[in-house]
Amino acid sequence: MTTRIASRTGTGARSKPRRPRRPVRQRRRSATVGQRRGHAGAVSGAAAVAFAAGAPGDVRGRGSRRFRGSGRRGPALGREGGRRAVSGGPGRAPAPALAPSRLGSVLRRALWWVVLTVTGGVRRQGQLPHRGCVVVANHSSHADTAALLAALGARHRPAIGAAADYWFASPWRRRVCRVLAAGFPVRRTGGGMDDLMSMADGLRAGRTVVLFPEGTRGADGAVGAFHRGALVLAERAGVPVVPVGITGTDRLLPKHGRLRPSLVRVRIGEPLPPAASPEDARAAVAALHARTGTEPPRDSPVRRRVAAVAASRWGVPLAVAWAFAEALSWPLMPELLLGIVCVALPRAAPRLSLAALAGSLAGGLLALQLANTGHQLPAPLTTDRMRAEVRHQLTAESASAVRHQPWNGIPFKVYAAEAGRADVPAGDWLAESAQARGARTLKVGAAFGTLGLLLHRFRRYYGAYVALLAAGFAAGLSLIVAGWS
């Protein structure tokens, strides 16, 4: 169907048939599909996507098109004058963050503290304000989120911003992000400022919001330009902006690299003045990062040397040789070695405990064979009463008698030698001693490894710990020998 319309010059003209326009809802759906396809790439993890909306130095941010300087009118951020609020981002607006939970914050902090302690340790300097605040930190690794969740107090209930188009795109990712990282969704292509502003009430209630204003992980360790969204959020909520410097995470989990041990340090600075600019925030974070990176950690040189040996290629052979020698003649139990090295390097406790167990079993089997052929090795710090008791047990229980060894104080080498003289089958002996020695050695190694984790912040006193351990071991050994004399 055609119509006749008036031209600008006033003459009539026959118009072409108009092409029917698609409904607004269909056009929006097509645009949303295009946006989703354009943003299907991987993101930098929960920590990398905790970004502030806005270009570097942009006062209004990039979270919504209505803040841009063009003549196009963007989507409204709420209901004003009867207008309907429209999301500027891809798809529907993400669901709001879960209600803050003190128990959840405590559990998350404990989880990441244990993980980071096992992988090298985490250390914090400084305190957050008692009220809510916006934390801005440098960003060089996925491990930055874990570092802040472990270092910041659980009473602040820290929340980490996360990319809505990745971490909240599927139910399982959403659960992982919220449960393990206390994440809240931030849209990256429109509506991001809305998402940031949704945390204002939580900030006023005393919660901490963590943002990485660089927007991505740095590759060379330098602190990049900051976006302004974090400052806008803090100003809207009436809370301070607190700079934080993080070091060690780029070595713990490098960009596009693998996990490796490293000490992580977090330094909390003083709140920024209300009139601070993105450049001021970046300068404060960069200064904290540089100061923390150049400051040597307080540690014991003895612990560092012991940890270096335990982590080297000599750690496992040392544990095997110590336990092997103790099963033959050496008077010092392998548990003493585990008490020294597992506290110095807790992450080495499993493999060193297994190495000590293997050495003990091999040494015990050799001691049994030597005694069976009439060879007698020196056995210092043993008594005739110990040997008589072991012979009585072997007569009554055969190889099962070794189960008494972890609890009666009689050295393992006495059981091995007497078992050889009693013609105990080697297979039965190996099976029974693996159970008895395995339970004791692995439990002792786990206990000392846990002690090393708990005493990590006091590792500068490691030398005193070793002295106390040696004194306690000497006293206990004296009492055992005296009791069996």
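My aim in this report is to walk through the structure given alongside it, one point at a time. Keep in mind that this is a model prediction, so the values were computed, not measured. (Residues numbered from 1 in each chain as written. Predicted model: local features only at pLDDT ≥ 70, side-chain atom pairs only at ≥ 80, totals over all residues. Heavy atoms only, no water.)

### So, the sheet that holds strand S9 (residues 264–268)
The strand order S3-S9-S8-S4-S7-S5-S6 describes an open sheet built from seven strands, whose pairing is mixed. Each having just a single partner strand, strand S3 (122–125) and strand S6 (183–186) make up the two edges of the open sheet. On average, adjacent strands in this sheet sit at an angle of 30° to one another, irrespective of strand direction. Together, strand S4 (133–137), strand S7 (208–211) and strand S8 (241–247) form the strand contacts of helix H9 (residues 229–237), whose direction differs from that of S4 by roughly 165°. (Pairing = 2+ DSSP bridges. Helix = DSSP H or I, 4+ residues; strand = E, 2+ residues; numbered from the N terminus. Axes fitted to C-alpha atoms, helices over the stretch in contact; angles between N-to-C directions. Contact = heavy atoms within 4.5 Å.)

### A word on the pattern of salt bridges
One pass over the structure, following the stated rule, counts 10 salt bridges. In this structure, Asp201 and Arg204 form a salt bridge, with 2.7 Å as the shortest nitrogen-oxygen distance. Residue Asp201 and its partner Arg204 are located together in helix H8 (residues 200–204), separated by three residues, close to a single helical turn. Judged by its relative accessible area of 58%, Asp201 is exposed. Overall, Arg204 belongs to the partly exposed group, its relative accessible area being 47%. A network of salt bridges, in which partner residues are shared, links Asp299, Arg303 and Arg459. (Salt bridge = Lys/Arg side-chain N within 4 Å of Asp/Glu carboxyl O. Buried < 20%, exposed > 50% of the residue type's maximum accessible area, 1.4 Å probe, protein only.)

### Describing helix H16 (residues 384–397)
With 14 residues, H16 extends 20 Å from end C-alpha to end C-alpha; this agrees with the ideal 20 Å at 1.5 Å per step. All buried positions along H16 are accounted for by Met386, Val390, Gln393 and Leu394. Burial along H16 is one-sided: seen end-on, the buried residues are contained in an arc of 100°. In H16, those exposed residues whose orientation departs by more than 90 degrees from the buried face are Asp384, His392, Thr395 and Ala396. Where H16 is buried, its residues contact helix H17 (405–408), helix H18 (412–421) and helix H20 (462–483). (Expected span 1.5 Å × (residues − 1). Arc of directions from axis to C-beta.)

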